[in-house]
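Architecture and fold: a report
Listed below, chain by chain, are the residues.
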Amino acid sequence: MSNLEREAVPSLCGGRGFVVAEPVRELLSPRQVKLGESTEVRRLLPNLGRRMVGAWCFVDHYGPDDIADEPGMQVPPHPHMGLQTVSWLHEGEVLHRDSTGSLQTIRPRELGLMTSGRAISHSEESPRSHARFLHGAQLWVALPDGHRHTDPRFEHHTDLPVVTAPGVEATLILGDLDGATSPGTAYTPIVGADLALANGADVRLPLERDFEYAVLAMSGEVHVDGVPVLPGSMLYLGCGRDELPLRAESDAALMLLGGEPFEEELVMFWNWIGRTQEEIEQARRDWMTGTRFGEVKGYDGAPLPAPELPPVPLKPRGRVR
């Protein structure tokens, strides 16, 4: 998934200057963003109060949307560089196409992981014949400098590790959790997990003290470390935790996102992550002239044009609030 806003602004991310080195409870409210012609998402990252959580740098939550008589998700071909995209569904299906030739339908609790590396383009759409409801999250992971020019690739994993305890089932999306490891390729110490909690569950989830964490509420009523977190909102938790108390007031679902604080300073503009303004300018030229990012074949529609660059210089900085 992409940032489709036509008035795109740069996000200056990364660096450890604003990492909270102790446990906190910082509730992040979403911003409503139109995605394509028919899907509206709740954008949690980047946020006015928080730009990154570990290497996680972009988080959209959408649905549940009733698309029985609608086209559903329709995102035309668009480019990426310097990042990974993570597609995660609770309901519905998304058809992924990309310029490496990948064609894959992603279904609930299956991992669609696209590593853009130096350059890739892709599209996402609800299949013509699709389920009634669409509900999920789309996330980006920033690639560290040593891997951001790697070859582009797409992974689809249907058999993901599951960690269980009384009242909770955790499906590991990316990274490591409680001794389990996701088959998805990760380039930094990271974790992404889907947590399903039964009504009345009162559990403590093991965490890594050196990681920073956030929790995205997908559905249901849940208290995270005593804070009620409503669906479509995110609670930033900082670092320094060995465990996380969770209490469900109904059947509920959460996404746990975390990792080592990302040390590098980044420039994120539209669907690109770079380190300098020159890299972003070159990416825009390459996309608009049809070079480098390849071609998405089979999508019924034109690629998205890139927005204009802002009149002010783009400079990489640390985390800003």
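As the structure is a computational prediction, the values presented were derived from the model and not from experiment.

Quick notes on the rules
Residues numbered from 1 in each chain as written. Predicted model: local features only at pLDDT ≥ 70, side-chain atom pairs only at ≥ 80, totals over all residues. Heavy atoms only, no water. Salt bridge = Lys/Arg side-chain N within 4 Å of Asp/Glu carboxyl O. Helix = DSSP H or I, 4+ residues; strand = E, 2+ residues; numbered from the N terminus. Buried < 20%, exposed > 50% of the residue type's maximum accessible area, 1.4 Å probe, protein only. UniProt positions renumbered as here; feature names shortened; annotations may be inferred. 1 Å grid on protein atoms, 1.4 Å probe; cavity = no way out; pocket = protein on both sides within 12 Å on 5 of 7 lines; lining within 4 Å. Points joined across faces, edges and corners; volume = space filled by probe spheres on them. Nonpolar A, V, L, I, M, F, W, Y, C, P; charged D, E, K, R; others polar. pLDDT = per-residue confidence, 0-100. Contact = heavy atoms within 4.5 Å.

Here the focus is the pattern of salt bridges. For the coordinates displayed, the defined rule picks out 17 salt bridges. Across the pair Asp60 and Arg43 runs a salt bridge whose closest N-O atoms are separated by 2.8 Å. Taken together, the positions of Asp60 in strand β5 (residues 56-66) and Arg43 in strand β4 (residues 39-45) put the pair 17 residues apart, joining distant regions of the chain. For the pair formed by Asp60 and Arg43, the shared burial category is buried. Here Arg118 ties to Asp151 by a salt bridge, and the two come within 2.5 Å at their closest N and O atoms. Of this pair, Arg118 sits in the loop between β10 (111-115) and β11 (120-125) while Asp151 sits in the loop between β12 (133-142) and β13 (153-157), and the two are 33 residues apart along the sequence. Take Arg118: its relative accessible area is 39%, and that puts it in the partly exposed class.

Once that is clear, we can look at the UniProt feature "domain: Pirin N-terminal" (unreviewed entry) in the protein chain. UniProt's feature table lists "domain: Pirin N-terminal" (unreviewed entry) at residues 41-141, given in the numbering used throughout. Taken as a whole, residues 41-141 contains 0% helix and 60% strand, while its terminal C-alpha atoms sit 18 Å from one another.

Time to look at empty space enclosed by the protein. As enumerated under the stated definition, the model contains one cavity of 30 Å³ or more in all. Approximately 30 Å³ is the volume found for the largest cavity. Thr85, Ser87, His96, His122 and Glu124 are, among the eleven residues lining the largest cavity, the residues nearest its centre. Broken down by secondary-structure element, the contributors of at least two residues to the lining of the largest cavity are β7 (83-91), β10 and β11. Among the elements that take part in the lining of the largest cavity, β10 stands out by supplying three residues, more than any other. Here the lining of the largest cavity is built from residues that sort into four nonpolar, six polar and one charged.

Right, let's talk about the confidence of the model for the protein chain for a bit. Averaged over every residue, the pLDDT of the protein chain is 91; the share at 70 or more is 91%. Across residues 11-17, where pLDDT falls below 50, the model places 36 contacts with residues more than four positions away in sequence or in other chains.

The sites that UniProt annotates as "domain: Pirin C-terminal" (unreviewed entry) are residues 193-291. Across residues 193-291, helical content stands at 12% and strand content at 52%; the span's end C-alpha atoms are separated by 36 Å.

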